[in-house]
Every structure is written in structure tokens, then in C-alpha cells.
Amino acid sequence: MTSHDPLGDVRRHTALEIPVQSETVVATRYEPLDSDGPSPALLMYVPYHQDDLTTYGAYDPLCLYFAKHGYEVIVADMLGTGSSSGFIDEPFTRREGIEPAAIVEWLAEQPWTTGRIGLFGKSYGGITALDAAAQQPDALDAIIPIHTPYQGWRNAYSYGGLFEFLTIGMDWLTLMQALEAKPASIRDADGEWLPRWQNRLERSRDQPPWLLQFIDNEPHESYWEDKNIPVERIETPTLAVGGWRDPYTQDTLEYFEAIDAPKRFLLGPWRHQMPHRGRESAINFRRRALEWFNHFLRDEENGVMDEPTISYWTELDGGGSSAGQWRGRETWPTVCDEDATDRPTNGETIYDKTDDSVSFALTPTGLVSPSEYKSGKVDAEYRFDSTVGQSSIDPYGVSFEPPATNDDDVRSLTFETGPLDSPIELTGTGNVTLRLEASVPDPTIVVRLVDVSPDSRGTLVSHGAIRGKYRKGLDDPEEMKPGTEYNITVPFEPKSHVFEEGHSIRVAVGSSYFPVSLPTPRQGSFIVRSAPATPATVWFPGRQMNDVEFDDSIQMPPPDERVPTSAERANGSSSWTTSRERVSNRVRTVKRHSLDVDLPHGRLSREATFEASVTADDPSTATAQNEMTLRITTDFGEFEITASNYISTDLCQLETTVGLDGDTMFEQTWCQ
């Protein structure tokens, strides 16, 4: 089946079949009609159904953009998903690199390509791009992974070992549960779609859904051993993309450092979204990506390697707004703790400062320079409050100004500077070292770094969270002994931010970042201590400034308004509400979104509600109820697929139903 782009210069081929081992990958091909002869090809390999959600939804404008500039663009269903054959028993295994690498070699042999291939994609599409590059296929000449983790467990757990409740457990895994049961919306002429789909449904009855697999396997367990991409093997030129408000910024920094190839890093203020659709600073990312591919797939001398190694956005005016500056540097500064984090506390922590840094000690009077901490001790007990977090969240998929953190801050231990006499810049990856004694063996420890404006409004700058059990690292779990004091280092998320004159710096210590993370379930308390000889200390690469001026500023081109960034056939809406019930002190967070896609071969709609709640004095009450319904209308009939799940600390129950024209044809419940 083929169709033309409305502008007439791209032909869309659906149901392109690609042999991979003994299976068949099905893809959509965007063919550039204005090209003379074969073209280089770009591949995106994802599990999100290339016959509707991907190629007629959010990714369509980018695919069209590349095709209109002379590239063959291939969007392929991962084996075991969508229209492709096969099954997926576990996600993120090395097959997800082997398969796209095989497709790269197949594309290189087609008469309509030049034999030079690139890979691109966001999130899962970035994972398969990195994984394919690690296989070192001969025909792969460049990749662009966007907002991408490279370690399997990071698709479920944070660096501190906390389950990613909101983005993974509630949102993404509900989507994947629904997509697993969704039939193809384009029917192939031979009718292969029907047995593939029916076999996949029946197999799913005895196969634990991904959510159950993730919850049942903590990050140190053997389930994750074969799910880390060997990024050190990558020799393919790489344009890496990350964002301050995306979960995978640290991951991007780590794999970027490991890659030994021509590379550049674009680091902006974005959530889990494309840089040309960013709220604070939308840039002409599509042009930048095109130039990357032009340089490495067409040998075009266009200056991409003359750009700074790292182009990054520094926040101003409290953060979370369009006030900021693009800058360039060659390396990313990091403050590292070289000692074990739970060694005896009667010594000084030694830090390796790879760049200029600023530090603050936690004192009875607030945050001060460690050299100024002369007297007094902090001996502050904090009783866990599991509701802290929802006033510090700036979720992706919903557009609103960052919330004020004040409601979270009053429920935390806080330490604060006075109004600053001169600006302080923090750029890099910092940490905080706490002297901490807990009443439970596996507490959740969360530290938030907050910019307080002159009118006392708090805005989140960065945060770090860790389970006490994983204080020595995810590969060395060990519970804490209640009543025993430990030095615990909590790494912050990377950031570049200026605390301006008149603003204050606040550090808030608590036991929750709900509903982003699922707190450990035992109620209790911890004691934070600090003294002049052994201070609890915040370190961050940075400097004190005379004024807010940068000698490393760079210009980033604005988006090209002439080229649409939104899919012409898709329309959606979203909402985000939070509330607190004062008597029970229970908080509730609800995220809703809807999507309608007008397909050439029918119609697709998606409705979803994700709801999480917890009470302040009992982390074991944390629950989530999530539901997503997909409706696909074609000449075959109307399918309705509903995925719902309930998550709590002692029960996880999932249910999937599939109906055709009002009759239920599949129903399955899984419990754990």
C-alpha cells in the first residue's frame, strides 16, 4: 500500500517486510520523490506500532522532514510488537541491538539506498540505536539517540534504586500492556496480521507482563544482567540529546563519555520531548539532526564538528522559564566522592573536584560555607512524610509552569542561605553527603535543591534520591542497622542553573518524591547530624559570579516556523491535578490524556487516566490505579483494548480486555 504526502514530494509505503533471522519485521517507508537515484536511509526501530501511533502521530513530522530532505526513512515495528512477527518474553535484551543491526545491513543492500544508514529515535528508539551501534554493523554511519537510558534496570529503577512509579509503573507500562494486545490497524493482503495477533494474545496469558517482571526484580538481581548496552563498543558518530527535566540525563552523560567516536552532546531544559517542541527553549533541532546525518552519510562539510562538544542551557530567573542562555564546553564537570559512603564518620570526606566548585555545610542557622561553620550542631530528627514530592514535579506530557515547592519544603528538613549578595552558578553533577541514622533498615532519602525567589517562591533546581539499602551502590545491597550512623552520599541530577542576586539557596531533606518514586514501605524516621568537624555538606561544580554574564555563550537557531512540528492527523489533550485531603493527610495526583488520530485507513483514539495516592504517615499506603483504552476503527470493525492495573506495596493486579464490535474476545488478569 502506498500514499503520497500532502505536499507531493514523499511517498509513504506501508507494510514493507524485512526478513530478520527467521522472523519478519514490518515497517513504513517514507520515500523521497525528489531524489535522483538511491538515497541514504534512516531507521527508527520501536515497539509503538508503525501503522498508526508512530507514523501518523508525534513522529510523523520528523520523518517527513528527513524524507523531504532526500532520505529514505524506515519506521519499523520491533519483532514481537505491532505488525511484525515473533514474541518478546523480556524487554531490553541484546536481541534489541542484533535485530536493528540486521535491518541496517538489509537496507544497505536495497537498490533504493546508497548503502549508508543512520539510526535515530527517542527513548526506546534511542535504546535500539545505541544497541545496534554496539553491534558495529558495517553500514551504520551515524546515530542520534534522544532521551535514552542505556542500562536495562534504568527502565524501571532510579540510580538510587527506587522504582520509577509515575513515568514507568503507571504511564509507560500501562501503554505497553495495551499495545501488546492491540492488533495491527493495516491488514496485510495475505492476512498474516490475524494469526500473529491471536498467537501473541494467547501467549500473553502465561507470560508475566513487563510491569510484573520489573516489580519482581530489584536492580541488583540477575534479571537485569544481560540488559545493559555495551556502549563502550560504539564506534559510530553519535549526536546525543538530553534534558534537565528528563529522567535520563545522567544516563546520557555516562554513555556519551564511554563512546569513542566523533560525538556531540545537546543538553537542554527539556522534558521527555523533542528539542524542537521544548517549552523553555525550542530550537531548530531537526535542522541540526539533518546536518549531523548529512555530514556522516553524505560527506557534507557543514561545520557540525566545529560545534562545542557539549552545548547546554543555563537556567536564569529561578528556572523553568524562557530566561536562560545557551553555552558550550568540552567536558562535563562532576564532583565525586572517592570514599565508601558508609565508612566511619570521624573523618573528613575527600572529594575529587574536576572543576571549580561551591560547597555548603548544613548548620543550625542554615547553609553556610564549610569554612564558616565554627560552632553549633545539627541533630534533627525527621519523621517520614510520604506526601512530599507532588509540589516539586514538572511532568512530561503535560504543559504548565513548574509548581512552587513550598508545600513540599514545609514538610521537609530545610537548610537555607540568606538572600545572595552576588549570583552563584551551579553547572555539573553534584552531591550531598549526610551523616544519617535511621530507625528502619531501608529508608528512602530524598534531597531537593531549591531556588527561592525574593518573594519566597521555591522552584526545584535538582534533586537526588536513594534507598538506604543501596547506599554503597546497586551491585552491593546491604540494609542499614537501625540506630547506627552512616555517611550517605546522595548524587544530584545534572544541572546548569544560576541562583541570582537576591535569591536564596534551599536544601530540603525528606523521605519521599511521590509519585515520581515509590517510597520504601516502612514508616519511621531518621536523624540528620552535622558539626564543624564533620559537616553534612552539599557540593556542586560552580562558581560565584560578579554578574550574570558568560564568556562561553553560543547561538542556537530558533525553530523553523515554516515546517510544522505537530502531526497533521493527530490531536490530543492532557491534564494534571493534585490535591490533599486535610483530615487523613492523603495526597492524590491524577494525570489524564487523550489522543485522536485520523488514519487514512480508519481511526485511532486513546484515553488514559493515571491516579496515585498516599498518606503522610504510612508509605505502605502508596497506590496507583491506571487505565488506558485504545479504539481502532477500520473496515474490519471496531476494536477496543483496555489495559488497567492496580499497584500497591503488597498487591499488583493487571487486567487486559479486547473487544470487537462490542463483543469481548479476550480477557486476562495477572496478579502478584
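Residues numbered from 1 in each chain as written. Predicted model: local features only at pLDDT ≥ 70, side-chain atom pairs only at ≥ 80, totals over all residues. Heavy atoms only, no water.

Caption draft 1: View of the sheet that holds strand 21 (residues 458–467). Across the sheet, four strands lie side by side as 17-24-20-21; this open sheet has antiparallel pairing. Each of the sheet's edge strands pairs with one partner strand only, and the pair in question is strand 17 (413–416) and strand 21. The mean inter-strand angle of the sheet, taken between neighbouring strand axes irrespective of direction, is 15 degrees. Alignment of strand 20 (residues 444–452) against strand 21, held across nine bridges, turns out to be antiparallel. Paired with Val446 across the two strands is Ala465, which belongs to strand 21. (Pairing = 2+ DSSP bridges. Helix = DSSP H or I, 4+ residues; strand = E, 2+ residues; numbered from the N terminus. Axes fitted to C-alpha atoms, helices over the stretch in contact; angles between N-to-C directions.)

Caption draft 2: Representation of the sheet that holds strand 29 (residues 602–615). One open sheet accounts for seven strands, arranged 27-28-29-30-31-32-33; its pairing is antiparallel. At either end of the open sheet lies a strand with only one pairing partner, and these are strand 27 (570–581) and strand 33 (663–671). Direction aside, the axes of adjacent strands within the sheet are offset by 5 degrees on average. Across the face of the sheet, helix 4 (residues 165–181) comes into contact with strand 27, strand 28 (586–599), strand 29, strand 30 (618–634), strand 31 (637–648) and strand 32 (652–660) while running at roughly 30 degrees to strand 30. (Contact = heavy atoms within 4.5 Å.)

Caption draft 3: Local environment of the environment of Ala240. Counting through the fold element by element, Ala240 comes out in strand 8 (residues 238–243). For Ala240, a relative accessible area of 0% corresponds to the buried category. Look past the residues within four positions of Ala240 in its chain and what remains in contact with it is Pro145, Thr252, Tyr255, Phe256, Arg264, Phe265 and Leu266. (Buried < 20%, exposed > 50% of the residue type's maximum accessible area, 1.4 Å probe, protein only.)

Caption draft 4: View of empty space enclosed by the protein. Tallied over the full model, the rule gives nine cavities of 30 Å³ or more. Of the volumes computed, that of the largest cavity is approximately 270 Å³. For the lining of the largest cavity, the elements supplying multiple residues, two or more each, are helix 4, helix 5 (193–204) and helix 6 (210–215). Ranked by residues supplied to the lining of the largest cavity, first place goes to helix 4 with five residues. Of the residues that constitute the lining of the largest cavity, the class distribution is 10 nonpolar, seven polar and five charged. Taken as a whole, the second largest cavity holds about 110 Å³ of empty space. Forming the walls of the second largest cavity are 15 residues, and the residues nearest its centre are Ala15, Val26, Ser83, Ile186 and Asp188. (1 Å grid on protein atoms, 1.4 Å probe; cavity = no way out; pocket = protein on both sides within 12 Å on 5 of 7 lines; lining within 4 Å. Points joined across faces, edges and corners; volume = space filled by probe spheres on them. Nonpolar A, V, L, I, M, F, W, Y, C, P; charged D, E, K, R; others polar.)

Caption draft 5: Expanded view of the pairing of strand 3 (residues 23–32). When you tally the buried positions in strand 3, you get nine out of 10 residues, the bulk of the element. One ladder, built from nine bridges, connects strand 2 (residues 10–20) with strand 3; its direction is antiparallel. Opposite Val10, over in strand 3, you have Pro32 as the bridge partner. Hairpin connection, strand 2 to strand 3: the antiparallel pair is bridged by two residues, and Gln21 has positive phi, about 55 degrees.

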